[in-house]
Amino acid sequence: MPADRLSQVLHQYWGYSSFRPLQREAMDAVVAGRDSVVVLPTGGGKSLCFQAPALVRDGLAVVVSPLISLMKDQVDTLLGNGVPAALFNSSLSGEAKSRVMSGLRRREFRLLYVSPERLVGEGGQSFCTMLAGCGVSFVAIDEAHCISQWGHDFRPEYRQLASLKQLFPGASLHAFTATATARVRRDITTQLALEDPVELVGGFDRPNLVYRVLPRDVLKKQLLAVLERHPREAGIIYCTSRKEVDALADWLTENGHPALPYHAGLSDEERHRNQDAFLDERVELVVATVAFGMGIDRSDVRFVVHVGAPRSVEHYQQESGRAGRDGLEAECLLISSAADFMRWRVMLERNGEFTDASKTLLQQMERYAGGTSCRHRHLSEYFGDRWGKTDCGACDVCLGELESVPEPVTVARKILSCVARVGQRFGAAHITAVLRGQSSEAVVTRGHAELSTFGLLSGTSIAEVRGYIEQLSALGLLRQTGDAYPVLALTPLGSALLKDPAACPDLVLARQKPPRRDGTRTRSTAEAESWQDVDRTLFDRLREVRLRIARTRGVPPYVIFHDAALRDMARVKPTTAAALLDVRGVGARKAEDLGEEFLDAIRAHTF
Ligand code: ADP
Ligand code: ZN
């Protein structure tokens, strides 16, 4: 075999002709048998980093993965690509287990997926001895941050993986995760007793994601606008309460956008049913609490909306990151209001979790929500990446959807003075009503219609005023206090600006630009590129073919082909088996197995 076995394997089995950033380095470490810690963003292509080397190295690759549903998808995908793989976990029947066992003894598999309990839990010892007899060449630990208490998803059973080095003395260990601060990386290295590991840390930025932030206004209108941008596309809408999940899912369904709810209050059965419906493309929309997500391997999620801010930027990145894992353009929209942060404070306090750390995390989330600078830059810098670009071409700020407000100091002072005039005893909704000059009962009975600040911002929309209030909070001029319900108060900096208009010389406030009259919008760079030369009708047609095959075979459609492959097909329009192999994401096995059905559709469309 030539030196570049990896490229060959990548092309033959997966139909890819190039490596994603750091994939090559990560694979080289595995092939060389050097322990490694690899941090790549979601969608960065971590799985391939251990799957391709498993075909290059002799022996068996063991993959430890915490999620049974993910394991199954990965193994199905591998089998579809012609890679002999199996899984072993508690979901298997006795019969299936003995089938896998005898396959292992015959050394049929290149990869074996197991749950951590299987290796280090009860009965793990004898299982490992059996595996060791099969010549384990390396162990890949997926979602490795679960081993650290400093990660966002600590799982005690991962701690026991500390014994892997003893269990498989000859094997190299390779840890993979999408989110790891330096502290978590160190923790992974110590816990797993890695020996002089190669550390590879990719950039966190996901250029294909378009980030937007909207102050919460008429929510349903805001949601319909998102759905209009994504007809027939998959999306997740995250809410903070189960009640809101149920209500929104019902409302969307009644309004022609079939959506299923997902939260911890549903029965196990109903949750599984709804999740499967989403994975099998029987429904495109899920309204969920954060309980939904780990284990979602649907890579063509085209939008993730947060109705309400999460409790940290880490959470936001994790949840919004479920969009666009296939590398194609996707949208991440945060619809937030000042009340979200208050709700978190109350909740964290009630649970005794309102520590300095969680306070800081929440404040940083608030800063993101109220920010008016490039979102990609904000997120990158938050996670410690340097940001070199001036215009990301993929956020509301850089796409010119916001405009800066003339005389921001004057606007800010109007708001601050209204907060002061009502005695710092009212929330954002009330302040907004007073500033807009609304003679509602709440305003009138308290005598707030008589205030000099009444109507100072009349003619400004609710969303705009709320947006300013959030920005002022993010900038540290206002803060939310109060126990039972959120109350706005001035910070020392806010008071300073009220006394002296020159106190914040660099103050900037922004608002949404009105939508264009012709209803069009600027497309992100990623969106424009990924649709370049794609025949959209053919793409839709190919998705139907995929769905039909998936239904017949009883697998989720993305196990057949990812959207990225279908889009490339609808761009290249191959009509021969040979040409089909040039499509990105079509390997030899799939071309042979599925090629004709897709070629038929392409021929029918082009002639
Ligand atoms: P991660 O586990 O890092 O979130 P995955 O391994 O699921 O990412 O990969 C995300 C997507 O990118 C998958 O659809 C995968 O097939 C695709 N992919 C991975 N590596 C490449 C590559 N070198 N070229 C093209 N697509 C790739
Ligand atoms: Zn930007």
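Residues numbered from 1 in each chain as written. Chains lettered and ligands numbered in written order. Predicted model: local features only at pLDDT ≥ 70, side-chain atom pairs only at ≥ 80, totals over all residues. Heavy atoms only, no water.

1. Let's talk about the coordination of the zinc ion (ligand 2)
Only Cys374 (SG), Cys392 (SG), Cys395 (SG) and Cys398 (SG) from the protein coordinate the zinc ion (ligand 2), and they sit 2.2 to 2.4 Å from it. Mapping the donors of the zinc ion (ligand 2) onto the primary sequence gives the spacing C-x17-C-x2-C-x2-C. Neither Cys392 nor Cys395 differs from the other in exposure class; each is buried. (Donors = N, O, S within 2.8 Å, 3.2 Å for Na, K, Ca; no water. Buried < 20%, exposed > 50% of the residue type's maximum accessible area, 1.4 Å probe, protein only.)

2. Looking at the environment of Glu143
If you trace the backbone, Glu143 turns up in the loop between β5 (136-141) and α8 (156-159). Take Glu143: its relative accessible area is 17%, and that puts it in the buried class. Taking the C-alpha atoms as reference points, Glu143 and Val409, 266 residues apart in sequence, are found 47 Å from one another. Filtering out sequence-adjacent residues up to four positions away, Glu143 remains in contact with Pro66, Leu70, Tyr158 and Phe176. (Helix = DSSP H or I, 4+ residues; strand = E, 2+ residues; numbered from the N terminus. Contact = heavy atoms within 4.5 Å.)

3. Some points on the packing of aromatic side chains
Tallied over the entire structure, the rule returns 8 aromatic pairs. Seen from their ring centres, Tyr316 and Tyr368 are 5.5 Å apart, and the 40° between their planes marks the pair as tilted. Placement of Tyr316 in helix α14 (residues 313-320) and of Tyr368 in helix α16 (residues 356-370) is noted, with a sequence separation of 52 residues between them. Taken as a pair, Tyr316 and Tyr368 share a single burial class, namely buried. Pairwise contacts between aromatic rings join Phe204, Tyr382 and Phe383 into one cluster. Seen from the ring of Phe127, Arg118 lies directly overhead, with NZ or CZ sitting 4.8 Å from the centre. (Phe/Tyr/Trp six-rings, centres within 6.5 Å; stacked < 30°, edge-to-face > 60°. Lys NZ or Arg CZ within 6 Å of the ring centre and 35° of its normal.)

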